[in-house]
Amino acid sequence: TRETYDLIISEPSNPWIAGVASLFTDEYYQAARSRLRPGGMLVQWIQGYSIFPDDLRMVLATVAGQFESVTVWRGEEPDFLLLARMDRNPLTLDRLRDLLQKSAINADFDALNVSAPEGVLAYHRLDDQDLRRFVAGVRHNTDDNTLLEFHAPRALLRHGLYEENIETAWKARTSTLPRDVRVADPRAALLSAADTALWNDDWTRASAFLDAVQDSAPSAFLELLRGRLDFGTEDYASAAEHYSSALRLDPSVTAAARGLAEVARHNDDLDTAYLLYRQILGREPENLPALAGLVKVLDRKHESAQAAVWLAKKLELDADPDSSEFALLGDFFVQTGHRKEAVNEYQEAVRRDRYSYAGHRGLGDVHRADGQWDMARENYEFAARFDPESSADVFAALVDVYHHLGREREARRALAEGLRLFPGDATLAALSASR
């Protein structure tokens with residue numbers, strides 16, 4: 001084309017596929033650059049899995065040789081995104097700040113766990129300065145010497161390379177915040193980045209952001225973030241201290257109260273957890289995480305009737321409930337003797353997710369209890385086929401169903417498969433001994 005562009009997005013396939021490595025060469029990046037307008041940018045996907053660190057460095061060195069500024073960002077795990085620009089001016093978050101005000105795009109940022117513009121910095125991996133130090137002296141991938149094409153397939157069956165690549169890139173960082181992104185308030189940027197990292201269960205990055213907060217000025221938000229980090233890394237005593245500190249600084253921080261409830265639930269202090277969740281719901285009746293936590297507490301207390309009431313309320317309020325929650329509600333109805341309602345919930349779970357293991361297992365259980373052997377068989381077979389390692393109970397149930405249908409060959413086959421997957425299961429062992 002003779003057209004020029006402000007932005008080119010390159011999403012090739014994996015470089016072990018013949019010809020694809022040519023989209024990671026000097027010549028390709030030269031061609032892309034020649035079609036960019038002044039100030040234009042190239043964004044390119046590259047896998048983080050099944051690629052040797054040296055090959056990843058070769059790609060970074062190659063693109064860095066053709067652009068003034070190159071930064072590396074985390075994409076959908078386990079992938080990376082390369083941002084190559086034609087100038088060295090720092091990036092700003094001003095446009096992102098404006099976009100966050102638009103409700104039509106807000107859901108996209110919510111999916112990324114970005115509630116403030118600086119939260120996007122949790123996805124940053126290498127700035128240009130660190131990247132160029134990281135790739136210094138590394139050979140380029142070129143059209144007449146496509147090293148990547150011939151080396152990439154050797155990594156195809158190697159496990160653990162993504163973790164190695166992430167760790168290698170992280171060790172190459174010399175600045176917690178990227179130097180080529182302009183931030184007005186570094187402290188606020190660190191807190192926002194830590195917040196997003198915590199929502200992503202990225203404990204290493206979250207810890208680095210929080211450790212970099214220089215001043216010791218107490219704030220409820222900082223204490224809340226420290227509590228979430230400690231909870232995520234299973235330091236529950238310290239998490240409780242930080243959550244309590246956040247509430248002392250600001251009693252209105254509901255997330256800290258919920259954190260204390262989560263700590264209590266983890267410690268099997270179910271009565272305390274119950275009271276804390278009810279207090280939160282007294283102030284915020286539509287708090288979905290508190291509703292979910294309360295359901296878990298009631299389930300652990302074997303109070304199925306109350307658990308069903310609160311879970312039904314959560315499902316009524318939740319705009320995007322998970323199919324497994326409908327199956328759980330079905331379980332509660334079974335436990336309280338409401339079998340017809342249970343079937344409705346299991347069917348809803350399967351309607352929302354055709355492959356719902358819990359939905360099919362629940363339907364199988366109800367139909368089996370009612371002597372509807374063929375319907376039970378269909379659901380158990382589906383669960384065993386698509387999620388065979390979830391539970392030995394499905395195989396034991398299948399043996400029983402096949403037996404009632406007079407299909408002894410299938411019963412023996414189901415028993416053998418169950419024992420193969422769950423060799424230590426007592427129920428299956430007893431069935432085998434009795435046959």
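Rules used in this analysis
- Residues numbered from 1 in each chain as written.
- Predicted model: local features only at pLDDT ≥ 70, side-chain atom pairs only at ≥ 80, totals over all residues.
- Heavy atoms only, no water.
- Helix = DSSP H or I, 4+ residues; strand = E, 2+ residues; numbered from the N terminus.
- Buried < 20%, exposed > 50% of the residue type's maximum accessible area, 1.4 Å probe, protein only.
- Contact = heavy atoms within 4.5 Å.
- Areas by Shrake-Rupley, 256 points an atom, 1.4 Å probe, with all protein chains shown as cover.
- Lys, Arg positive; Asp, Glu negative; His and termini not counted.
- Charge placed at Lys NZ, Arg CZ, Asp CG, Glu CD.
- Expected span 1.5 Å × (residues − 1).
- Phe/Tyr/Trp six-rings, centres within 6.5 Å; stacked < 30°, edge-to-face > 60°.
- Pairing = 2+ DSSP bridges.
- Axes fitted to C-alpha atoms, helices over the stretch in contact; angles between N-to-C directions.

So, the overall build of the chain
Then comes step 1: Check the secondary structure of the chain and you find 22 helices and five strands.
Then comes step 2: Dimensions of the chain along its principal axes, counting C-alpha atoms only, are 70 × 60 × 40 Å.
Then comes step 3: For the chain, with 435 residues in total, the buried portion stands at 49%.
Then comes step 4: A separation of at least 24 residues holds for 60% of the contacts in the chain among residues at least 6 apart in sequence.
Then comes step 5: As displayed, the chain has an accessible area near 21,900 Å², and 50% of this comes from carbon and sulfur atoms.
Then comes step 6: If you average the places of the 50 positive and of the 70 negative side-chain charges in the chain, the two averages end up 2 Å apart.

As for helix H10 (residues 220-232)
Then comes step 1: Its 13 residues give H10 an end-to-end C-alpha distance of 18 Å, which sits within 8% of 18 Å, the value for a rise of 1.5 Å per residue.
Then comes step 2: In the segment just after H10, Glu-234 is the residue with positive phi, at about 70°.

Re the packing of aromatic side chains
Then comes step 1: Inspection of every chain in the model, using the stated rule, returns eight aromatic pairs.
Then comes step 2: Here the aromatic rings of Trp-16 and Tyr-49 are separated by 6.5 Å at their centres, their planes lie at 70°, and the arrangement is edge-to-face. Of this pair, Trp-16 sits in the loop between strand E1 (5-10) and helix H1 (26-34) while Tyr-49 sits in the loop between strand E2 (36-47) and helix H2 (53-64), and the two are 33 residues apart along the sequence.
Then comes step 3: The exposure class of Trp-16 is partly exposed, given its relative accessible area of 23%.
Then comes step 4: Classification of Tyr-49 by relative accessible area gives partly exposed; the value is 28%.
Then comes step 5: The interplanar angle of 70° and the centroid separation of 4.9 Å between the aromatic rings of Tyr-355 and Phe-386 together place this pair among those described as edge-to-face.

With respect to the side chain of Asp-195
Then comes step 1: Structurally, the position occupied by Asp-195 is in helix H8 (residues 186-199).
Then comes step 2: In this structure Asp-195 comes out as buried when scored by relative accessible area, which is 8%.
Then comes step 3: Once residues within four sequence positions are removed from consideration, Asp-195 is found in contact with Ser-115, Phe-221, Leu-225 and Arg-228.

Digging into the sheet that holds strand E4 (residues 79-85)
Working definition: the strands of a sheet are paired by backbone hydrogen bonds and lie parallel or antiparallel to each other.
Then comes step 1: With respect to topology, five strands assemble into an open sheet ordered E1-E2-E4-E3-E5, the strand pairing being mixed. Of all the strands in the sheet, just E1 and strand E5 (124-126) have a single pairing partner and so form its edges. Neighbouring strand axes in the sheet, compared pairwise and without regard to direction, differ in orientation by 25° on average.
Then comes step 2: With seven bridges connecting them, E2 and E4 associate as antiparallel partners.

Everything listed here is a matter of geometry and, on its own, says nothing about what the molecule does.
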